[in-house]
Amino acid sequence: MKSEKIPRVVIVGAGFGGLKAAQTLRRTPVDLTMIDRNNYHLFQPLLYQVAAAYLDPEQIAKPVRGIFRGQKNLGFKMTEMVGVDFRNRVLETTSGAIPYDYLILAVGGQTNFFGMSGVEEQGFSLKRLADGVGIRNHLLTSFEKAALEPDSAVRRGLLTAVVGGGGAAGVEMAGALAELTSNVLSRDFREFKSRDFRIILCEAANRLLPDLPEDLAREAESILKAKGVEVRLGSFITDFDGEAVQLKDRTAIPAHTLIWTAGIQAAKITGSLGVSLNAGGRIVVEPSLQIPGHPEVFAIGDAAYWEEGGKPIPMVAPAAVQMAETAAENVLRRIRGKALRSFHYRNPGALATIGRNAAVARVKGLKFRGFPAWLVWLVVHLIRLVGFRNRLVVLINWAWDYFFFERASRIIIDR
Ligand SMILES: Cc1cc2nc3c(=O)[nH]c(=O)nc-3n(C[C@H](O)[C@H](O)[C@H](O)COP(=O)(O)OP(=O)(O)OC[C@H]3O[C@@H](n4cnc5c(N)ncnc54)[C@H](O)[C@@H]3O)c2cc1C
């Protein structure tokens, strides 16, 4: 009897897209290999909460091997993709070649500093788990240094944090830092009053939250201001030397912390594949999510570029998840010799929280604000977080913070 070869499917990236693709191919006759340079899946939407001392890193990340313990057709390798030999159908990694019949590239994105080397070298991005821990350590260390600093100008710089970028990540980061300093640290540090800490949000455009309607953006701006954040619209950051943030209008803000959330591009590996890319390095795909000229290779999530109704598919988790479903289904369709499906994005809306009891949201054309929006945000994020244990611990931490104005994670781990 002739034995059929089981198709080898390799997925690169254990982010939102990679995870969903692997889960969609569970209990199907394929031999799956997932690779990631980290051994964990990171829930990036809560990264700012690690930076702002709400949560510990392991509460927003889960080991990939643990996630797929029960999935018999999947093996995991912690290694880094360095290229693809499309002709021989081999994925090149830092630990050797991995042959494939089908390849799903879900390598995500990385921070875009737009060539500002000072911002890249002296500032923080908010993308990797190490960034969250790094920001927290740096802020807490700066505040401890400020408590020992006799020079008032230096002290003021140490107590000032600038957030660059008024999208959802920047708004959430600034709101969380304002609450950290006013509700928690101003009580920890008897040396300072709440007003001594400065959180400044710089946005180059003349409004915040471009993905939300103008009235909700204005509301978010007033809530931030009420929480003590200095919101500076039309404020264009050009450089940072670790002690001052330079602006395009030639003024400077003395600050020892800059958190840069204003730019995102595809992971840099896409640039070495010899395929067609958009300006942000995203791989231009066909409606089936295949890479043109390579019908057995699919790209999804932040790393893939596709337009619908003249607009690019946004770099958000629901888009990565939906693309993963289509790509995984199309792999199966190709194996079975069926016609492939085209991808269509179902936009679930947009949400941003601005701290305790405050959020703005647009879901299915309806606008939510205040406590109801905050509750929606809370439930959505808890449901999406991977692992029951993580959900429980995060819920306990949030409740503790909510009732006792206390942050669990105020330890400086690494100086
Ligand atoms: C701070 C922040 C907040 C966000 N908040 C929200 C939000 O509230 N709602 C929302 O919908 N979206 C949010 N996003 C966007 C969302 O996280 C991304 O759109 C989503 O993660 C994209 O999924 P992905 O699978 O394409 O890539 P990712 O989830 O980024 O996963 C990519 C994976 O590929 C791995 N990888 C990359 N290069 C290589 C390589 N060469 N070799 C091996 N492995 C590699 C990475 O380690 C990573 O695990 C946020 C993003 C950030 C940074």
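Anything mentioned here points back to the structure above.
Predicted model, so just to flag it, every value in this text is computed and none were measured. (Residues numbered from 1 in each chain as written. Predicted model: local features only at pLDDT ≥ 70, side-chain atom pairs only at ≥ 80, totals over all residues. Heavy atoms only, no water.)

*Asks:* What should I look at first to understand the pattern of salt bridges in this one?
*Replies:* Close approach of charged atoms allows side chains with opposite charge to pair. Per the counting criterion, the structure on display carries 20 salt bridges. The salt bridge partner of E214 is R218, with a shortest N-O separation of 2.8 Å. With E214 and R218 both in helix α8 (residues 214-226), this residue pair falls four residues apart, about one helical turn. Among the residues examined, E214 registers a relative accessible area of 39% and is labelled partly exposed. (Salt bridge = Lys/Arg side-chain N within 4 Å of Asp/Glu carboxyl O. Helix = DSSP H or I, 4+ residues; strand = E, 2+ residues; numbered from the N terminus. Buried < 20%, exposed > 50% of the residue type's maximum accessible area, 1.4 Å probe, protein only.)

*Asks:* Even after reading the chapter, I still don't get the sheet that holds strand β11 (residues 124-125), so can you show me in this structure?
*Replies:* What links the strands of a sheet is backbone hydrogen bonding, and the strands pair in either a parallel or an antiparallel sense. With parallel pairing, the five strands of this open sheet are ordered in space as β11-β18-β12-β13-β14. On the outer flanks of this sheet lie β11 and β14 (229-233), each paired with one strand and no other. With four bridges joining them, strand β12 (residues 160-164) and strand β18 (residues 257-260) adopt parallel strand pairing. What sits directly across from A161, in β18, is T257. Relative to strand β13 (residues 198-203), helix α7 (residues 168-188) is tilted by about 170 degrees, and along the sheet it contacts β12, β13, β14 and β18. (Pairing = 2+ DSSP bridges. Contact = heavy atoms within 4.5 Å. Axes fitted to C-alpha atoms, helices over the stretch in contact; angles between N-to-C directions.)

*Asks:* Explanation requested: the side chain of E179 in the structure shown.
*Replies:* Summarising the element assignment, E179 is placed in helix α7. Reaching out from E179, the side chain makes a polar contact with the side chain of Y54 at a distance of 3.3 Å. There is a polar contact of 2.8 Å between the side chain of E179 and the backbone nitrogen of R356. Non-local contacts of E179, meaning those with residues more than four positions away in its chain, are made with Y54, V184, K227, I354, G355, R356 and R407. (Polar contact = N/O pair within 3.5 Å; in protein donor to acceptor, adjacent residues only side chain to side chain.)

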